[in-house]
Amino acid sequence: MQKRATFLIIIAHFLITSCASSKDFVLYKKDEVKPVVYYGNAAKPAAEQFVSLFRKLGSNLSITDQLPKTSKPYIQLEINTKITGFHLLLKENRLSIIGATNNNLTQGIRHFFSNYTTLNDITINDPQLSQETVLVPIGLDYQSNAILTYKEPYFAENFEKEFRLWHNTNTLEETWGLWGHNIGKFIKVTPKMYAIIDGAPNEEQLNFSSIELQKELETAITAKLQEEPQATKFMIMPYDNEMVCQCQQCIKVGNTKTNASPAVYNLINKLAAKFPSASFFSTAYVSTENPPTIPMRSNVGVMISTMSFPKGVVLENSNKVGDINETFKNWQKLTKHIYLWDYAINFDNYFDAYPTVSIAQKNLQFYIKNGVTGIFMHGSDEGSFAAFGDLKAYLYAKLFNNPEIDIKPQVRLFLEKKYPSFGKALADYYLTVEETSLRNKRNLDIYGGIKNSVNKYLKQEELNKIFNIILSNREAVSLPNKKSLDLVLMSLVFQNLELLRTSGIVADGYATYENGNLKLNPEITNYLSLLKELSSTTGIEKYNEIGFTVSDYIKYWNTRIISTPYQNLLYQKQLKATSKLDEDYSDIKVLNNGTIGFQDYYNNWFLNSSATLSLEAATVGLEKGSLVQIDFLYDKKHKLYPPEKVSVYIGQRKYELVLGEKEEAGNSRKIVRAIIPIKINANDTTIRIEIKKQAENRKRSMACDEIIIK
């Protein structure tokens, strides 16, 4: 353990001395150079804090409120309300750390220690910590808001005040008086504020030309600024849908059926004029994606959503870079306040490692060149989690303060300090998948199934290796990090189960056929048992944005795979599609290869948007079949509906089941099963299956699972 601690200190020391040169200023050197800490402007508590932190490096410094008159190095701590954030400045023999507020000064002190000493939020409790020399670059002039004025890695860790102090990050709860699509929660919305859609008021969208809406917002903003003076940013944006108000006033200012920007920014300008000390934003997203044609006031900005940008790729190398550049240029003509709403996890699977920090670093540099001054990196919120979420929060916070930082030693420092017994192996794994993801030019969606990850970075052999290493070291992890460990382990076991399920009935799948009998992979029951245990120890039940639960996931394994062994005369026989297939769902082998669908449409389900899906197969080997069974997914949120009817044609005979609309009642998501009795005669050659959609849903996709004949 002592060797490991020493090694970690060496890593930390390397991080802050690797760039040292003759141009560095010696601020402290054991037994030779010892600075005094000078404080002014009510900064004595900050001075005491500085000395307390420096003591962890192995030396006691003295403090004074008298300006030192010496050529020896000294540290000046000061509060200056005329600046924003904090400022580190080296001039001659004086290192000044200046903050606009006490909190900013504290952040500046932490920034100094994190960047120029071995002390940071990772090493702060290390009893082996020490440092004989502290170097600061000559000419140091660092302003916390010089590159990005708003920095938020939206992960659970950023909700902790200590994290924000160490990393100089923001949080929307403290900074924003109104955030997101939440006007309906900020004020009481009345019918006079409803958008006019198809000539009638519609409560699902707002009328941004409504005088009543403007007055209510003004009243609420006034109250918020009085109650929370620091919450000076306000997001004025439509509800999360494509509706655009078509009242006379909105049309007069420029609204179209798809563009709400004219009315939205007309209202924002009015609010910005009334509250000049506050900042007002909308988003470049859906109906406000286009910039307005009117000038924007100096305290008005935009938050550009990257939802329409390619995901999981370096944008400068993508075929969309021209369009993206044009987007930024158009907004730069109107405002200097361009924030970005970016995404850092797979919202369909919080257990997915989604290793894109290296990619995000290159994109962050690209964004800054295009005028971006603030970042909201959407990860997991306070009540949820994400695989490697603690590491990502740390890395993104580092990047937002220094976009050029080398993340590899940061990954190692974080994981090896947190998990001494296996941190090196875990860091090796994470850096490997990061590098694989960076090199692979395929997209990695923020809403996607396991195949998306497999095509980008996920390899079962690597996953199994790190899973076994961590599992064997689980008992050696100390209690404070036990839950974090179990979250990592839980993510790995879930990914393993998904790889097995989506592989189907093959050697590396969930089952194999031996002598004609289906044999379940023996690891399945062990994995499910461990997943259940880890869900209990971590308290994690929901594993995606929709709210899918671990208990339901285990239930589906038991009811759809384990207790109902796959039997299908049509298994792996050739199917032929005689209707049009969707471009992304052209492989019809998924309909009879043993890959079973659960409640998630993005794994193992076959999606089709044709009015009728038609398939046929030869009857050879199907003679004993007496029924056709097909499952369909009803998912109201994703607008997936079961068909109106399923028809089976064999020879001149027709077998049919009408499902009707009644299957949509009840739950908003469920699996609907169609069972059609059939008879196959000796002289029959072809079986044809037609699946016809309900008329009102013919433009919607339909999700089909296995076509089973038995």
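The following refers to the structure shown. (Residues numbered from 1 in each chain as written. Predicted model: local features only at pLDDT ≥ 70, side-chain atom pairs only at ≥ 80, totals over all residues. Heavy atoms only, no water.)

Quick notes on the overall build of the protein
- The number of helices and strands found in the protein is 19 helices and 28 strands.
- Considering only C-alpha atoms, the protein reaches an extent of 105 × 70 × 40 Å along its principal axes.
- Burial analysis of the protein (710 residues in total) assigns 55% to the buried set.
- For the protein, long-range pairs separated by at least 24 residues make up 73% of all intrachain contacts whose partners lie at least 6 apart in sequence.
- With an accessible surface of roughly 31900 Å², the protein has 48% of that area assigned to carbon and sulfur atoms.
- Distance between charge centroids for the protein: 2 Å, based on 82 positive and 75 negative side chains. (Helix = DSSP H or I, 4+ residues; strand = E, 2+ residues; numbered from the N terminus. Buried < 20%, exposed > 50% of the residue type's maximum accessible area, 1.4 Å probe, protein only. Contact = heavy atoms within 4.5 Å. Areas by Shrake-Rupley, 256 points an atom, 1.4 Å probe, with all protein chains shown as cover. Lys, Arg positive; Asp, Glu negative; His and termini not counted. Charge placed at Lys NZ, Arg CZ, Asp CG, Glu CD.)

A short note on the sheet that holds strand β5 (residues 86-91)
- Across the sheet, which stays open at both edges, the 6 strands sit in the order β3-β2-β4-β6-β5-β8 with mixed pairing between neighbours. Edge positions in the sheet fall to β3 (63-64) and β8 (141-143), since each has one partner strand and no second.
- Strand direction decides the pairing type here: β5 and β8, joined by 3 bridges, are antiparallel. Counterpart to His 87 in the pairing with β8 is Gln 143.
- Each of β2 (36-39), β3, β4 (74-79) and β6 (94-99) is contacted by helix α2 (residues 44-55), which is oriented at about 160° to β2, the strand it contacts most. (Pairing = 2+ DSSP bridges. Axes fitted to C-alpha atoms, helices over the stretch in contact; angles between N-to-C directions.)

Here's the deal with the nonpolar core
- Counting residues in hydrophobic clusters, the biggest one holds 154 residues, and the most contacted among them are Ile 236, Phe 280, Phe 328 and Tyr 510.
- Per element, the largest residue contribution to this core is 10 residues, and it comes from helix α17 (residues 482-503).
- When neighbours within four sequence positions are excluded, Phe 280 is seen to be in contact with Ile 221, Phe 234, Ile 236, Ile 268, Leu 271, Ala 272, Phe 275, Asn 299, Val 300 and Gly 301.
- Counting residues in hydrophobic clusters, the runner-up holds 34 residues, among them Phe 25, Val 51, Leu 53 and Leu 140. (Core = buried A, V, L, I, M, F, W, Y, C linked by side-chain atoms within 4.5 Å.)

Describing helix α3 (residues 102-116)
- Over its 15 residues, α3 extends 21 Å from the first C-alpha to the last, a length consistent with the 21 Å expected when each residue adds 1.5 Å.
- Most of α3 sits inside the fold, with 12 of its 15 residues counted as buried. (Expected span 1.5 Å × (residues − 1).)

Considering empty space enclosed by the protein
- Per the stated rule, a full pass over the model turns up 6 cavities of 30 Å³ or more.
- Considering only enclosed or pocket space, the largest cavity measures out at about 140 Å³ in volume.
- Lining the largest cavity are 16 residues; nearest its centre among them are Lys 311, Gly 312, Asp 342, Tyr 343 and Asn 363.
- Of all elements in the fold, only β16 (338-343) and α11 (357-369) reach the threshold of two or more residues within the lining of the largest cavity.
- Class assignment for the residues of the lining of the largest cavity results in 10 nonpolar, 4 polar and 2 charged. (1 Å grid on protein atoms, 1.4 Å probe; cavity = no way out; pocket = protein on both sides within 12 Å on 5 of 7 lines; lining within 4 Å. Points joined across faces, edges and corners; volume = space filled by probe spheres on them. Nonpolar A, V, L, I, M, F, W, Y, C, P; charged D, E, K, R; others polar.)

Considering the sheet that holds strand β26 (residues 669-677)
- Spatial ordering of the open sheet is given by β21-β28-β23-β26, a layout of 4 strands whose pairing is antiparallel. What marks the edges here is a single partner per strand, and that holds for β21 (606-608) and β26. Here the strands of the sheet are splayed against their neighbours by 30° on average, with no regard to which way each runs.
- Examined bridge by bridge, β21 and strand β28 (residues 702-709) share 3 bridges and lie antiparallel to one another. Following the sheet pairing, Phe 606 is matched in β28 by Cys 704.

Overview of the pairing of β2
- Of the two faces of β2, the one carrying Val 36 and Tyr 38 and the one carrying Val 37 and Tyr 39 are both buried.
- Pairing of β2 with β4, which is carried by 4 bridges, proceeds in the parallel orientation. Residue Val 36 lies in a different strand from β4, and its bridge partner there is Tyr 74.
- Looking at chain direction, β2 and β3 are connected through 2 bridges and run parallel.

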